[in-house]
Amino acid sequence: MQSRGGLGVHLLIVAGLAVAWLGLGSLVSNSYYLLMMTLVPIWAVMGLSWNLLSGYTGLVSFGHAAFFGLGAYTVTIALVSFDVTPWLGIPMGMVVGAAAGAIIGYPTFRLRGHYFALSMLAYPMALLYVFEWLGYQEVPLPMKREAPGWYMQFSDYHLYIALAVALLVAALLVTLAVERSRFGMSLLAIKQNEPAAEAAGIDTLAWKMRAIMLSGGIAAAAGGLYAVVLLVVTPDSVFGMLTSAQALVVVLFGGVGTLWGPVIGAAVLIPLSETLQAQLGDKIPGIQGVVYGIAIIAVILLAPEGIYWRVRDRLARSRGSAAPAPALPVAPVIPLARPPAPAAERTSILRVSGLDKSFGGLRAVAEVSFEVQVGEILGIIGPNGAGKTTLFNLLNGFLRAGSGEITFEGRSLAGLKPNRICGLGVGRTFQVVRAFARMSILQNVVIGAYVATARGDEALVAAREALARVGLLERADAIAGSLTNKELRLMELARALAGRPRLLLMDEPLAGLGAVEVEDMIAVIRSISASGVTVVIIEHTMRAMMRLAGRLVVLDHGRILASGHPRDVTNDRSVVEAYLGTKWAAIRA
Amino acid sequence: MDSFGAFLEIFLQALVAGLLVGAIYGLMCVGLGIIFGVMRVINFAQGDFLMLGMYFTLYVVGGVAALPLLGSAAAPFITAVLAGPALYVGGYLLHRFLISRVTGTRVAGIEGEGHYAQLILTLGVALIIENGGLIVFGSTPQSVRTPLAARAWEIPLLYNDTATIFLNQARIIAALVSLVVGAALYWLINRSRLGKTLRAAADNPRAATYMGIEVDRAHRIAFGIGTGVTAIAGGLVGTFNPFQPYVGLDFVIIMYAGVVLGGMGSILGAFWGGMTIGLVQQLSTLVLPVQLQNAAIFAVFLLVVLIRPQGFFGRATERV
C-alpha cells in the first residue's frame, strides 16, 4: 500500500539494485559467499510470491512450501527422468505451481483467518510424505558435462547469481504491475474489508484465485532455481515447514504488503542465518539458531509491522510531512448532470415475493412480498430485530433465501453472489460503515467504480463524479480511517454510486448524524433520487423518513405489518402498537 | 473366516493403539486449544513446550522415583504431571515479558491486530528453545524409561484361542493420566471462577474489561495453563516415544490440526480433534503404507475442514 506515484523511481531502484548486486557478485570469488549471494534473490522471490497472496489479501499462508517444492521437484524429475533442461523445467514448474494454486485455492478460500492459515499448512505436509513415499527421499541432479550451459550447469558461479537476479527483477516487475492495477487494488480491498469489496462489485473469489495462481507460479520458479543451484532435492528441504516459515519471515520482517519488504527481509536475514551457521554452527551446534531467534525477536519488538514501515514512518516524521489535511467544509451538493428519468411510466424495478429466511429456529424474514417502483424512494421501517438488515442481505446476495423470489428488472437474483448483483445495478451501503480504512477516500470510491468501468482512468473519472455528487471531492485524498461519521457515510454512498447503480439499498444512512448533518444527507439522497436512481432506505428516524420516502414498508418479526403512503402507515393502529408507540399517536392526533 | 479373523485382530489392535495415542494427542491439543481459544494467537513454540515437558520428565524422574512409596513404575507418570506446574511458570513468564508485547490491548490498531508480529515472535521463541535445547540436552535421542513399556496386558478374543489384543501398560497408564488431567481441566474451565474469567476474556475482551476482568492477566494465566498442559502431554509421550530437541516440529502440526478439527475455542472439541488424529493415524496403516500415515492425517484434516469449516464443535459466527 505504498504511494501510487513514482513508477519511474521504482524501476530505477530495481535496475540499480540488480546492477549493484551483480557488481558486488563479480567482486566475490569465495564459493560460499557466491552461494549466499544466489540464495538472497531466490528467497526474496519466494517472499514476493508469498506477499502477492498473503501480503495483499491478508490471507496468511503457512503452506507456500507446497508451490516451492512442486517447482523444485518438477525441475528435478524433468531432468532426471526425462532429460529435460531446467530452462524448460522451470517454466513447466511454474505451470505446475499455478495449477496447484488453483487446486488448493478453490476449496481453501472458503476458509478465513486462522482457519485458512492453518489449513494451508496441511498441503505441503501431505506432499512431503507423499514424495517420501514415492521414493524421492534425496534426488541429486545429474551432472551434464557434455552440454553444461544447456542444462543450466555453469562452471562460473556468477551466472547463477545473474539468473537469480533476473528472476528477482521479473518478480519485482510483476508485483509492481499488480500493485498499480485494478488487480492490486482489489486484493487490498479484500484485505481491508472483504464483504464490502464483494458488495462493491469486486469478484473476490476470482481475484483471490488469480493471486494464488500467480503466487504459486512465482514460488515454483524460486523452487526450481533452488534445485538447480543446490543440485540436490529432499522433501524436507523444499516441502518442510521451515521453507514455508522462511517465506513468511522474510516478508513480515521486511514489511508486509510492500514491494520492498521481501527484498529487505531476504537481504538481511539470509546472510545473517548463513553467516551464523558458518561461524558458530560448527563450534556449538544450535547457537546459530538461538542467536537468529533472538535477532528476529528483537527486530520485531522494535518494528512490529516490519522494517519497511518503521523506516518510512521515521522518515515521514523527520521530514515533518505528516501535516494533517485541512478540514474543508463539505461542498454543496453539485447539481446533477443527468436529467431525471421520466416519471411517467411507473414500472417495478424490484419484485420480492414470498421471501423467507430462518436462522435455526428464528424466522428472521417470513413471507415478505413487495415491489419497488422505478424512481421512487421506498422506506423500510420496523423495530430492532424486525429483519430489515437481513432483508437487505438477502437482496444483495450476502444471504441465500430459504424460499421466495427476488427479481431485479425482470431478472431473478437467486443464487447470485453480491458482486454479480452489484454488477447488475444494485448498490448498497451498510448500517455500520464498511470502509477500506487504510485507503484514501478516492481509492475507496475507485474500487466501487471498477464494476461499471473497463479501464483504470474511466474508473477514476467515475469515482470523481460520484464524489462530486455527494460533495466529498475536495476531501478525496484523506485517509478513510481518519474521517468523521458523516464523511464515512457519504464516502460509502459515493462508493455505491460509482458503480452506477439503478437501485440503491441504504441501510440506516442517518444513524449517528447530528441534526444539521441529517439535513445535508437528506439533500444528497434526494438529489440521487432525482437523478433517476431508485432508492430503498432502512431508517429509524421517522421524521426524516416521513419527508424522504414516497412509500413505507413496516416490518415486524420478519413479517410485513403494513405498507403504503407514510401518512396512512403511521396512522395504522398495529404499526403504532408494534413500533411507533402511543406517544407518537398522541403527537399526531 | 480365518482371514476375516486375522483382519479383525489387526483392526482391533490398531483401534486400541489409536484410542491410546488419541487420548494423549487430545491432551496436547487441549493445551494449545486453551491458548488459542482465549488469545487467538498462533504459537509456533507450542511443540517446543511439549519437548520441554519430555526433558523435564527425563531429568526429574530419577528424583521422583527415589521418593519413598513410589516405585520406578509410577514415577515417570507422576513426573510428567509435575511438568505441568513447572512449565506453567515458564509459560506465564514468557507471556508476561514477551508475548504480551505483541498481543492483547497493546496491539489494537496495528495492521492485522499484531498477528504478523506474533507469528515472528513465536517463531523466534521456537528457534531459541529448540536450538537452546540442542546445546543443553544434546542431539542424542532419549526416552523416559519405564519398566511398564515392556509389559502388556493380553486380552484374548473369545472367538479364537490364539487371537489376542496386546495392551501396552505404559500407554494405557499414559492415556489414563491424560484423561484425568483433561477432565480436571474441563472442570476448571467450565465450572470454576477462574474458568469463567478466562472464557469471558476469550469471548469478548472489551466487555470483559468493562466487567472488571484483567484481560491481560487472564491471557497470562491461559498461556501458562496451555503451556503446562502441553508439557504434561509431552512427558507422557516421552514414556513411549524417543525424543530429541527438534521433536516439537513433529507434533506442532498435529496439534494445530486437532485444534482446528475440533473447532477453535472449544476445549472439548480440541480433545476430540486430537483423538480423531490419533485414530486416523493408527487406522490408516490398515489400508495405506506406513509412510503415508501422516499424509492421511492431513488429507482427513483438509476434508473435514473444507466440509465443515467451523470444526466439530465450533460455531459459524460470521455475520454481515
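Check the entry above for the structure.
The structure contained in this document is the topic of the report that follows.

Basis of the calculations
- Residues numbered from 1 in each chain as written.
- Chains lettered and ligands numbered in written order.
- Predicted model: local features only at pLDDT ≥ 70, side-chain atom pairs only at ≥ 80, totals over all residues.
- Helix = DSSP H or I, 4+ residues; strand = E, 2+ residues; numbered from the N terminus.
- Rg over C-alpha atoms; globule rule 2.2 N^0.38 Å.
- Buried ≥ 20, exposed ≤ 12 C-beta atoms within 10 Å, placed from the backbone.
- Contact = placed C-beta atoms within 7 Å.
- Pairing = 2+ DSSP bridges.
- Axes fitted to C-alpha atoms, helices over the stretch in contact; angles between N-to-C directions.
- Arc of directions from axis to C-beta.
- Nonpolar A, V, L, I, M, F, W, Y, C, P; charged D, E, K, R; others polar.

**Some details on the overall build of chain B**
In step 1: Of the regular secondary structure elements, chain B holds 11 helices and 2 strands.
In step 2: Counted from the first residue to the last, chain B has its helices and strands arranged as α-α-α-α-β-β-α-α-α-α-α-α-α.
In step 3: Taken against the 2.2 N^0.38 rule, which gives 20 Å for 320 residues, the C-alpha radius of gyration of chain B at 20 Å falls within 12% of a compact globule.
In step 4: For the C-alpha atoms alone, the extent of chain B along its principal axes is close to 70 × 50 × 35 Å.
In step 5: For chain B, the residues scored as buried account for 51% of the 320 residues in total.
In step 6: A separation threshold of at least 6 residues defines the contact pool for chain B, and within that pool the share at least 24 residues apart is 77%.

**Examining the sheet that holds strand β12 (residues 559–564) of chain A**
Residues and elements named next belong to chain A.
In step 1: Strand order in the open sheet made by the 6 strands is β8-β9-β10-β5-β11-β12, with mixed pairing throughout. Looking at the sheet topology across the chains shown, the edges are occupied by β8 (426–428) and β12. Each adjacent strand pair in this sheet contributes to an overall mean axis angle of 20°, direction not counted.
In step 2: With 3 bridges connecting them, β8 and strand β9 (residues 503–507) associate as parallel partners. Counterpart to Val426 in the pairing with β9 is Leu503.
In step 3: Against the sheet, helix α15 (residues 388–395) contacts β5 (377–381), β8, β9, β10 (534–538) and β11 (551–556), and its axis sits at roughly 150° relative to β9.

**Comments concerning the sheet that holds strand β6 (residues 403–408) of chain A**
Residues and elements named next belong to chain A.
In step 1: Ordered by their spatial adjacency, 4 strands build an open sheet running β4-β3-β6-β7, and the pairing between neighbours is antiparallel. At either end of the open sheet lies a strand with only one pairing partner, and these are β4 (362–373) and β7 (411–412).
In step 2: Bridge count for strand β3 (residues 348–359) against β6 is 5 bridges, and the pairing is antiparallel. Among the inter-strand pairings, Arg351 is bridged to a residue of β6, identified as Thr407.
In step 3: Running at roughly 65° to β4, α15 makes contact with β3, β4 and β6 of the sheet.

**Let's talk about helix α6 (residues 193–203) of chain B**
Residue and element names in this part refer to chain B.
In step 1: Restricting attention to buried positions, one finds in α6 the residues Thr197, Leu198, Ala201 and Ala202. Each buried residue of α6 lies within a common arc of 130° when the element is viewed along its axis, so the set occupies one face. Residues of α6 that are exposed and point over 90 degrees away from its buried face: Arg193 and Asp203.

**Here's the deal with the interface of chain B and chain A**
In step 1: Between chain B and chain A, the contact holds 42 residues from the first and 42 residues from the second.
In step 2: Of all the elements in the fold, those that place two or more residues in the side of chain B that touches chain A are α4 (115–137), α9 (248–262) and α11 (293–307) of chain B.
In step 3: Of the residues in the side of chain B that touches chain A, the class split is 31 nonpolar, 8 polar and 3 charged.

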